[in-house]
Amino acid sequence: MGIVDNAVYADGVRVAEPASLASTFEALRAERGRSTDPMAWIGLYRPDQEQVQAVADEFDVHPLAVEDTIKAHQRPKLERYGDVLFTVLRTARYIDSDERVEFGELHVFTGRDFVVTVRHAESPDLARVRARMEGNRDLLRHGPHAVLYAILDEVVDEYAPVVAGLENDIDEIEDELFGGSPDVSRRIYQLIREVMEFQRATHPLLDILEALDAGAVKYGMEEELRRNLRDVKDHVVRVVDRADAFRAVLQNSLTVNATVVGERQNEEMRAMTEASLVQNEEVKRISGWAAILFAPTLVGTIYGMNFEHMPELTWLYGYPAALGLMVLGSVVLYRVFKRKQWL
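On a predicted model such as this, the values are computed, not experimentally measured, just so you know. (Residues numbered from 1 in each chain as written. Predicted model: local features only at pLDDT ≥ 70, side-chain atom pairs only at ≥ 80, totals over all residues. Heavy atoms only, no water.)

## A look at unusual backbone geometry
Now for step 1: In this model, S123 is joined to P124 through a cis peptide bond whose omega is 5°.
Now for step 2: Within the element layout of this structure, P124 appears in the loop between β7 (114-119) and α4 (126-134).
Now for step 3: Even without a glycine there, the phi angle at R46 is positive, about 45°.
Now for step 4: With respect to the helices and strands, R46 occurs in the loop between β3 (38-45) and α2 (49-59). (Helix = DSSP H or I, 4+ residues; strand = E, 2+ residues; numbered from the N terminus.)

## Focus on helix α10 (residues 318-339)
Because each turn of an α-helix spans 3.6 residues, side chains separated by three or four positions in sequence point in the same direction.
Now for step 1: A rise of 1.5 Å per residue sets the reference length of α10, with its 22 residues, at 32 Å; its end C-alpha atoms lie 31 Å apart and thus fit the reference within 8%.
Now for step 2: The set of residues buried in α10 consists of G318, A322, M326, G329, S330 and F337. Summarising the axial view, the buried residues of α10 lie within an arc of 115°, below the 170-degree limit, and thus occupy one face. Facing away from the buried side of α10 by more than 90 degrees, the exposed set consists of V327, L328, R335 and R339.
Now for step 3: Immediately beyond the C-terminal end of α10, within one or two residues, lies Q341, with a positive phi of roughly 60°. (Expected span 1.5 Å × (residues − 1). Buried < 20%, exposed > 50% of the residue type's maximum accessible area, 1.4 Å probe, protein only. Arc of directions from axis to C-beta.)

## Looking at the pairing of strand β5 (residues 84-95)
Now for step 1: Burial analysis of β5 places eleven of its twelve residues in the buried class, which makes it a mostly covered element.
Now for step 2: Here five bridges tie strand β4 (residues 77-81) to β5, and the two strands are oriented antiparallel to one another. Bridge pairing in β5 places K77 opposite V88.
Now for step 3: Pairing geometry for β5 and strand β6 (residues 100-110), over eleven bridges, is antiparallel. Paired with Y94 across the bridge in β6 is V101.
Now for step 4: The hairpin turn running from β5 into β6, its antiparallel successor, is four residues long, and E99 in that turn takes a positive phi close to 50°. (Pairing = 2+ DSSP bridges.)

## With respect to the pattern of salt bridges
Now for step 1: Scanning the model with the defined rule gives 31 salt bridges in all.
Now for step 2: Among the ionic pairs, D68 bridges to K77, the shortest N-O distance being 2.9 Å. Of the two residues examined, D68 and K77, each falls in the buried class.
Now for step 3: Here R227 and E224 are joined by a salt bridge, their closest N and O atoms 3.0 Å apart. Placement of both R227 and E224 in helix α9 (residues 223-303) is noted, with a separation of three residues, approximately one turn of the helix.
Now for step 4: We classify R227 as partly exposed; its relative accessible area is 45%. (Salt bridge = Lys/Arg side-chain N within 4 Å of Asp/Glu carboxyl O.)

## What about the pairing of strand β2 (residues 13-16)?
Now for step 1: Relative to β2, strand β1 (residues 2-10) runs antiparallel, the two being bridged by three bridges. Counted as the bridge partner of V8 is A16 from β2.
Now for step 2: Hairpin remark: β1 followed by β2, antiparallel, with two residues in the connecting loop; positive phi at D11, about 55°.

## Here we look at the packing of aromatic side chains
Now for step 1: Within the structure shown, the criterion is met by five aromatic pairs.
Now for step 2: Judged by centre distance (4.8 Å) and plane angle (20°), the ring pair of F86 and F109 falls under stacked. Remark: F109 occurs in strand β6 and F86 occurs in strand β5; sequence separation between them is 23 residues.
Now for step 3: Here F86 falls in the buried class, since its relative accessible area comes to 0%.
Now for step 4: What makes F109 buried here is its relative accessible area of 4%.
Now for step 5: Aromatic rings pair up to connect F25, F59 and F114 into one cluster.
Now for step 6: Residue placement shows R130 over the ring face of W41; its charged tip is 4.3 Å from the ring centre. (Phe/Tyr/Trp six-rings, centres within 6.5 Å; stacked < 30°, edge-to-face > 60°. Lys NZ or Arg CZ within 6 Å of the ring centre and 35° of its normal.)

So this is what it looks like as structure tokens:
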């Protein structure tokens, strides 16, 4: 962590590669006496407070900007403190293995003859930006404004894989929506959170680019750089539109999923109701037959008691009468239950 790369440039060429911040400051001061357009480009990665403060003291950076850089977790914004422009960018990259978007933060200080980048995440690849700029001497001659443009362009370019990854995830959601997957609701909510975070990273870029263009003449930005920034803005507009469309699709998917889940629950409740009705019919049928069988059982149980003094024990027609009572009771109960559709 700390210093990743720092160099001093003159006329679009790297002329010094100091090993420390103090050496960089000295080399820049010396180069100011030899050339008319020197520039120091310092790249820091998660620096400590001492390193940030050293840069602030050398280039007269406002304490509020220093505080924001140390604490990080800032929204994308563009602020000017005198001759120093403080830009906060939210970076994003798509992690294929986890199918998620990782967000980071990049702070850029630009002055008349210096650029300081403070990276709080793995992206963007500022080494690629530096190599691109050093390979284009005409562009690098434009100084700190050109470096800021290149960084903005790289950040926006790295949004493209994020858009593709989110689009692929949403396609998978649409495939799973009617498949009955129990995790689809959780995945939709997760994607909505990622898309909202992506919107918070991209939407402010439009204001940042408009502010840069508005102050281009006042702060001496070349027309070629303004054209390049307008091209970056066009890319941002497309990314913002896609992000807005993603959120609308996910909101609709959430509604559709709620409808599908509701219909599935209704089907389950209907099936349970039908099963309950069938059970009720079976219970009524069993209860009816049990009652029919209970009538002769009752008569037989009474006459099966071992008592000497019972009516009809010595009656000649007692046995046929008992059988007739059993049959009559069963027939009456059968007709009653049949009429009530229990049987």
